[in-house]
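# Remarks on the overall topology
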Amino acid sequence: MTQFQLVWLRHDLRQLDNSLLTAAQQTGLPVVAVFLATATTWSEHHMAPMKQDLLRRRVLALQSELAAIGVPLLAFEAGTYTNCAQIIQALAAQGAAQVYWQQEYELRERIRDEHVRAVLAAIGISVINHDTQCVMVPGTVLSKTGETYKVFTPFKKTWLAKFQAKGVVCDGKLAAQLAPKLDTDIAPTMQQPDGSSKAYPVAEIQVLERLREFCKSRVQDYQLQRDFPAIDGTSSLSAYLAIGVISAKQAVARLQVEAQQQLFQEGSGASVWLSELIWREFYKHILVAFPNLIKHQPFQMDTVDLAWGNNQRWFEAWCQGNTGYPIVDAAMRQLNQTGWMHNRLRMIVASFLVKDLQIDWRWGEQYFMSKLIDGDFAANNGGWQWAASTGTDAAPYFRIFNPVTQSERFDSEGRFIRQYLPELASIPRKHIHWPHPLPMSVQYVKPIVDHAKARDLTLAMFKAVKGKSEVTKAKSDDC
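The paragraphs below set out a description of the structure included in this document.

Cut-off values and rules
- Residues numbered from 1 in each chain as written.
- Predicted model: local features only at pLDDT ≥ 70, side-chain atom pairs only at ≥ 80, totals over all residues.
- Heavy atoms only, no water.
- Helix = DSSP H or I, 4+ residues; strand = E, 2+ residues; numbered from the N terminus.
- Rg over C-alpha atoms; globule rule 2.2 N^0.38 Å.
- Buried < 20%, exposed > 50% of the residue type's maximum accessible area, 1.4 Å probe, protein only.
- Areas by Shrake-Rupley, 256 points an atom, 1.4 Å probe, with all protein chains shown as cover.
- Contact = heavy atoms within 4.5 Å.
- Axes fitted to C-alpha atoms, helices over the stretch in contact; angles between N-to-C directions.
- Parallel < 35°, antiparallel > 145°, perpendicular 65-115°, else oblique.
- Nonpolar A, V, L, I, M, F, W, Y, C, P; charged D, E, K, R; others polar.
- Core = buried A, V, L, I, M, F, W, Y, C linked by side-chain atoms within 4.5 Å.
- Pairing = 2+ DSSP bridges.
- Polar contact = N/O pair within 3.5 Å; in protein donor to acceptor, adjacent residues only side chain to side chain.
- Disulfide = S-S within 2.5 Å.
- Left-handed = near helix turned anticlockwise from the far one by under 90°.

Turning our eyes to something else, we now look at the overall build of the protein. The helix and strand inventory of the protein stands at 21 helices and five strands. Compactness check: the protein gives a C-alpha radius of gyration of 24 Å against a globular reference of 23 Å for 479 residues, within 12% of the reference. Sorting the 479 residues of the protein into buried and exposed places 56% on the buried side. Carbon and sulfur atoms make up 52% of the accessible area of the protein, which totals about 20,400 Å².

Attention now goes to the environment of Leu 255. Secondary-structure assignment places Leu 255 in helix H10 (residues 248-259). Since its relative accessible area comes to 0%, Leu 255 is described here as buried. Along the chain, Leu 255 and Trp 273 lie 18 residues apart, while their C-alpha atoms are 8.9 Å from each other. Apart from the residues lying within four places of it in its own chain, the contact partners of Leu 255 are Cys 215, Val 219, Gln 260, Leu 263, Ala 270, Trp 273 and Leu 274.

What follows concerns the packing of helix H12 (residues 312-320) against helix H13 (residues 326-338). Helices that pack against each other are described as a pair by the angle of their axes relative to one another and the distance between those axes. Running from N to C, H12 and H13 point in directions that differ by 70 degrees, and their axes come no closer than 7 Å. Considering their axes alone, H12 and H13 lie roughly perpendicular with respect to each other. Side by side, H12 and H13 meet where Trp 318, Cys 319 and Gln 320 of the first sit next to Val 328, Met 332, Arg 333 and Asn 336 of the second. Classifying every residue of the contact of H12 with H13 by side-chain character gives four nonpolar, two polar and one charged.

Right, let's get into the nonpolar core. Counting 78 residues, the largest nonpolar core has Leu 66, Trp 159, Leu 255, Trp 273 and Leu 274 as the members making the most contacts within it. Excluding residues that lie within four positions of it along the chain, Trp 159 makes contacts with Val 135, Met 136, Val 141, Val 252, Leu 274, Ile 278 and Glu 281. In this structure, Tyr 325, Leu 345, Val 349 and Ile 432 belong to the second largest nonpolar core, which totals 50 residues.

Taking burial as the measure, the seven residues of strand E2 (residues 31-37) include seven buried ones, the bulk of the element. Where burial is concerned, the two faces of E2 agree: the one with Val 31, Ala 33, Phe 35 and Ala 37 and the one with Val 32, Val 34 and Leu 36 are both buried. With five bridges joining them, strand E1 (residues 4-9) and E2 adopt parallel strand pairing. The partner of Leu 6 across the bridge, within E2, is Val 32.

Within the secondary structure, Gln 443 sits in the loop between helix H19 (429-432) and helix H20 (451-466). The exposed category is assigned to Gln 443, whose relative accessible area is 63%. In this structure, the C-alpha to C-alpha distance between Gln 443 and Met 347, residues 96 residues apart in sequence, is 27 Å.

Owing to its 3.6 residues per turn, the α-helix aligns residues three or four sequence positions apart on the same side. Burial in H12 covers these residues: Trp 314, Phe 315, Ala 317, Trp 318 and Cys 319. Summarising the contacts, the buried residues of H12 are in contact with H13, helix H14 (343-356), helix H15 (361-371) and helix H16 (377-388). The distance from a side-chain oxygen at the start of H12 to the backbone nitrogen of Arg 313 is 3.0 Å, and the residue carrying that oxygen is Asn 311. One or two positions beyond H12, positive phi appears at Gly 321, with a value near 75 degrees.

The subject of this paragraph is the state of the cysteines. Between two cysteines, a covalent bond joining their sulfur atoms is known as a disulfide. According to the stated counting rule, one finds zero disulfides in the structure shown. Here Cys 170 stays unpaired: no disulfide links it, and the sulfur of Cys 215, its closest cysteine neighbor, is 12 Å away.

One way to put it is that H13 packs onto H14 with a least axis distance of 9 Å and a crossing angle of 115 degrees. Pair H13 / H14 crosses with left-handed handedness. Between H13 and H14, the contacting residues are Ile 327, Val 328, Ala 331, Met 332 and Gln 334 on the first element and Leu 345, Ile 348, Val 349 and Phe 352 on the second. In the contact of H13 with H14, the residues fall into eight nonpolar, one polar and no charged.

Dropping the structure here:
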């Protein structure tokens, strides 16, 4: 029996800077990679069909890329997490010295991994797991008293100090090898993708080129353009970070190479994008330190008793982009049509759902996960709790986005609105943000709520659980 190293790939679907593949190869034994599609569990987790398709397409691309150097990537249809142990055991029993996998932070994933670890231990095979989701491993960016930061700014300051002191080093190319022969008749082959994510290239070289191009040129204007949804001012890399086609380390390393000292100049495009990457890490660190978040609990426990209205008809109108608020509706239609939403719009629609409609943030969190091609539990949960004023470092409850003001500020010409609400194409610029009362010729929905009245209801709802009044601030913080 030929010995080999078995690498179980999950959301780390890349050849370069893949510490698992590198470490496995450095043992001198041939490497076999495996991917298990778990469509039933994915659906239970509300993973967007488009993200499932992107995963499948990327697996097939990586399969070809690894085959070129003699590393087989076996892709099976496992269905549920429960079936993973049997498949991994059947492969490992054919001569695996060790099994490697990336640490995952969510609860059911941890339970799955512990079960597989126990099954492998029973046949004398050990597990080596690497924590590669973040540049700084959760638990390593701590306050002077050894506590997890609950506020972003000091977290970022410490993160940057550690980064400047040690930098980042990415793993390089893998060596070619002779592919070992295994019995693969142990589970159904992974189903073919349906192509719903075809707008996203999946070859590793294409994704890396997109990263290089953004860091070399477009990042320079990132701080000026990132808040305007009608402008292509973002990196468009979030979907690839979510499934690990590129790593956080690769993004930071490339940014440092291209931006150099601008990376640490406050307010530069490079420093602002780096802050977004650090926000991504902040939420993962919070998730690990406070696992109750995985159980759909608010970070601020005094908000558990908020009296959500949870009007089902309003929620459906929000989901469908039929609220009567153009910027909200255009954003939701962008999500439904493309599987992606601009970050400024995510904040606007989240605020609207929670603070105009008084609907539980968890409804919105779940809907986003069911649609987003870049769905990431930690970032999605963190963003929703920020908007809902229930999370760590969250917006104060009295800071409530005015959807009309936000629209005027970030889509002043109405270009984005017209793109997704063609029924408003004839509305003049000065009325596009609030076209009510509607001309007889325009077929668009009436507003489902009055923002001013809804805002007062939300303030009262929060004050009832917060136990204090901040009337002066509340009156001046409609943004």
